[in-house]
Amino acid sequence: MIPKKRSLGSTEVGSRFSENVMLKFSEERAMREERITADRMAAFSDAVFAVIVTIMVLELKAPDESEFSDLWPLWPTAISYVVSYLFIAIIWINHHYLMQFVGPPTLRLIWTNFIHLFMVSLLPFATAWIARTRLASSPMVFYAGLFVCVDIAYNVFEHEILARADATRVSARMRSMARRRSLVVLASFTTAMLVAFVAPRVAFGLICAALILHLRPDISGSRP
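Owing to the predicted nature of the structure, the values given are computational and were not obtained by experimental measurement.

Visitor: Explain the overall build of the chain to me, please; I cannot follow it from the model alone.
Guide: Looking only at helices and strands, one finds 7 helices and 0 strands in the chain. The N-to-C order of helical and strand elements in the chain reads α-α-α-α-α-α-α. Taking all 224 residues of the chain together, the buried fraction comes to 38%. For the chain, contacts bridging at least 24 residues in sequence account for 81% of all contacts bridging at least 6. Surface exposure of the chain reaches about 13,600 Å², of which carbon and sulfur atoms provide 67%.

Structure follows, in C-alpha cells:
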C-alpha cells in the first residue's frame, strides 16, 4: 500500500513563508550594516585627507613684495607643495578604488586604515620642513622616510582588502601586479631616503619618479 503524501496545512505553509521572509530580511539587514560600516570608514578617511590638504595649503605664504621676481625665492615651497599634493591625490585615488572591494571591515583593517591616515597626517609638517630648509639633507631624509612609512601602511591596507576580495572581481594576476608595483615604489622611496643623506635633491627627484608609477590605481582595471 503506497503511503499518501502528507499535505502541508495553511498554518504550516504560512509559518515557513514567514521564516523565509525573516531570514531574507536578516541577511539584507546584515549586508546593509556591513556596507554602512565600510562607507563610514571611507567617509572618515575622505575627511582626514581634506583636512591634511587644507593644513598644507595654509603653509603657503605670499611674499611681502609685489613683483613676480619675488616669487622665485619661494620655489622650494612651491615644488614641495606640488609633490606632496600629488602624493596625497595618488593615495586618495588608490584608497577610493580599494574601498569598493571592502566587505565587512575587520578591526584589524580599521586600525590599519587609522595607522595609514596617521602617517599621511605628518606630511604637512615634513613638507614645511623641506621647504623652509630648501631641501636640506636631514629634512629630506625625514620626508623620504615618511613616504616609506606611508607606503608600508598602504601596502598592508591593500593586502588586507585584496586578500578578502571576491576572486571574480580581483584576479590573482591583478593581485600579483599590485604587489610587484608596490614593492618597486617602496624600494624607490627607501633608496631616496638613503640617497638623501648625501644628495637630497637627487633624492627628491627619485621620489617624483616613484610617484609616476602610482598615477594609475593598482586595480583600476578590475572594476565591474
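Don't stop here, the text continues.
Visitor: Honestly, a nonpolar patch on the surface in this entry has me stumped. Any pointers?
Guide: Where nonpolar side chains cluster on the molecular surface, the patch consists of Phe44, Leu107, Trp111 and Phe114 and spans about 460 Å² of accessible area. With 3 residues, helix α3 (residues 107–121) is the single largest residue contributor to the nonpolar patch. Along the chain, Trp111 falls in helix α3.

Visitor: Help me understand the layout of surface pockets, please; the structure alone is not making it clear to me.
Guide: Gaps left between atoms are located by rolling a probe of water-molecule size over the structure's atoms. In this structure, the largest pocket encloses a volume near 300 Å³. Residue lining of the largest pocket: 17 residues in total, with Glu59, Leu60, Lys61, Thr77 and Ala131 positioned closest to the centre. Taken together, the elements giving at least two residues each to the lining of the largest pocket come down to α2 (75–99) and α4 (123–132). The greatest single-element share of the lining of the largest pocket, amounting to 6 residues, is contributed by α2. A class-by-class count of the residues in the lining of the largest pocket yields 11 nonpolar, 3 polar and 3 charged. Here the second largest pocket defines a volume of roughly 200 Å³. In terms of lining residues, the second largest pocket is bounded by Asn155, Glu158, His159, Leu162, Ala163, Arg175, Arg179, Ser182 and Leu183. In terms of residue count, the dominant contributor to the lining of the second largest pocket is helix α5 (residues 137–163) (5 residues). Across the lining of the second largest pocket, the residue classes break down as 3 nonpolar, 3 polar and 3 charged.

Visitor: Honestly, the side chain of Thr112 in this entry has me stumped. Any pointers?
Guide: One can find Thr112 in helix α3. Since its relative accessible area comes to 10%, Thr112 is described here as buried. Apart from residues lying up to four places away in sequence, Thr112 is in contact with Ala153, Val156 and Phe157.

Visitor: Help me understand the packing of α5 against helix α6 (residues 172–195) in this model?
Guide: Packed helices, taken two at a time, are described by the angle their axes make and the gap between the axes. α6 packs onto α5 with a crossing angle of 165 degrees between their chain directions and a minimal axis gap of 8 Å. It follows from the interaxial angle that α5 and α6 lie roughly antiparallel. Here α5 runs over α6; the crossing is left-handed. Between α5, through Val141, Ala144, Gly145, Phe147, Val148, Asp151, Ile152, Asn155, Glu158, Leu162 and Ala163, and α6, the contact on the second element is made entirely by Arg175, Ala178, Ser182, Val185, Leu186, Phe189, Thr190, Ala192 and Met193. Along the lines of polarity and charge, the residues of the contact of α5 with α6 split into 13 nonpolar, 4 polar and 3 charged.

Visitor: Which parts of the structure should I look at to understand the pattern of salt bridges?
Guide: For side chains bearing opposite charge, pairing can occur when the charged atoms are close. Counting across every chain of the model gives 1 salt bridge. The residue Glu160 makes a salt bridge to Arg108 at a minimum N-O spacing of 3.1 Å. Taken as a pair, Glu160 in helix α5 and Arg108 in helix α3 lie far apart in primary sequence, 52 residues in all. Overall, the relative accessible area of 12% leaves Glu160 in the buried class.

Visitor: Explanation requested: helix α7 (residues 200–212) in the structure shown.
Guide: For the α-helix, the turn length of 3.6 residues means that residues three or four positions removed from each other point alike. The end-to-end C-alpha separation of α7 is 19 Å, in line with the 18 Å expected for 13 residues at 1.5 Å each. Of the positions making up α7, those classed as buried are Pro200, Ala203, Phe204, Ile207, Ala210 and Leu211. The buried residues of α7 occupy one face: seen down the axis, they fall within an arc of 120 degrees. Facing away from the buried side of α7 by more than 90 degrees, the exposed set consists of Arg201 and Ile212. On the buried face of α7, the contacting elements are α2, α4, α5 and α6.

Visitor: Is there a simple way to explain the packing of α3 against α5 in this structure?
Guide: Direction vectors running N to C along α3 and α5 enclose 160 degrees, while the axes themselves pass 9 Å from each other. On the basis of their axis angle, the class for α3 and α5 is roughly antiparallel. Considering only the axes of α3 and α5, their crossing is left-handed. Side by side, α3 and α5 meet where Arg108, Leu109, Thr112, Asn113, His116, Met119 and Val120 of the first sit next to Leu146, Cys149, Val150, Ala153, Tyr154, Val156, Phe157, Glu160 and Ile161 of the second. Residues of the contact of α3 with α5, tallied by class, amount to 11 nonpolar, 3 polar and 2 charged.

About the thresholds
- Residues numbered from 1 in each chain as written.
- Predicted model: local features only at pLDDT ≥ 70, side-chain atom pairs only at ≥ 80, totals over all residues.
- Heavy atoms only, no water.
- Helix = DSSP H or I, 4+ residues; strand = E, 2+ residues; numbered from the N terminus.
- Buried < 20%, exposed > 50% of the residue type's maximum accessible area, 1.4 Å probe, protein only.
- Contact = heavy atoms within 4.5 Å.
- Areas by Shrake-Rupley, 256 points an atom, 1.4 Å probe, with all protein chains shown as cover.
- Patch = residues over 30% accessible without salt bridge, like charges linked within 9 Å, V, L, I, M, F, W, Y side chains within 5 Å.
- Salt bridge = Lys/Arg side-chain N within 4 Å of Asp/Glu carboxyl O.
- 1 Å grid on protein atoms, 1.4 Å probe; cavity = no way out; pocket = protein on both sides within 12 Å on 5 of 7 lines; lining within 4 Å.
- Points joined across faces, edges and corners; volume = space filled by probe spheres on them.
- Nonpolar A, V, L, I, M, F, W, Y, C, P; charged D, E, K, R; others polar.
- Axes fitted to C-alpha atoms, helices over the stretch in contact; angles between N-to-C directions.
- Parallel < 35°, antiparallel > 145°, perpendicular 65-115°, else oblique.
- Left-handed = near helix turned anticlockwise from the far one by under 90°.
- Expected span 1.5 Å × (residues − 1).
- Arc of directions from axis to C-beta.

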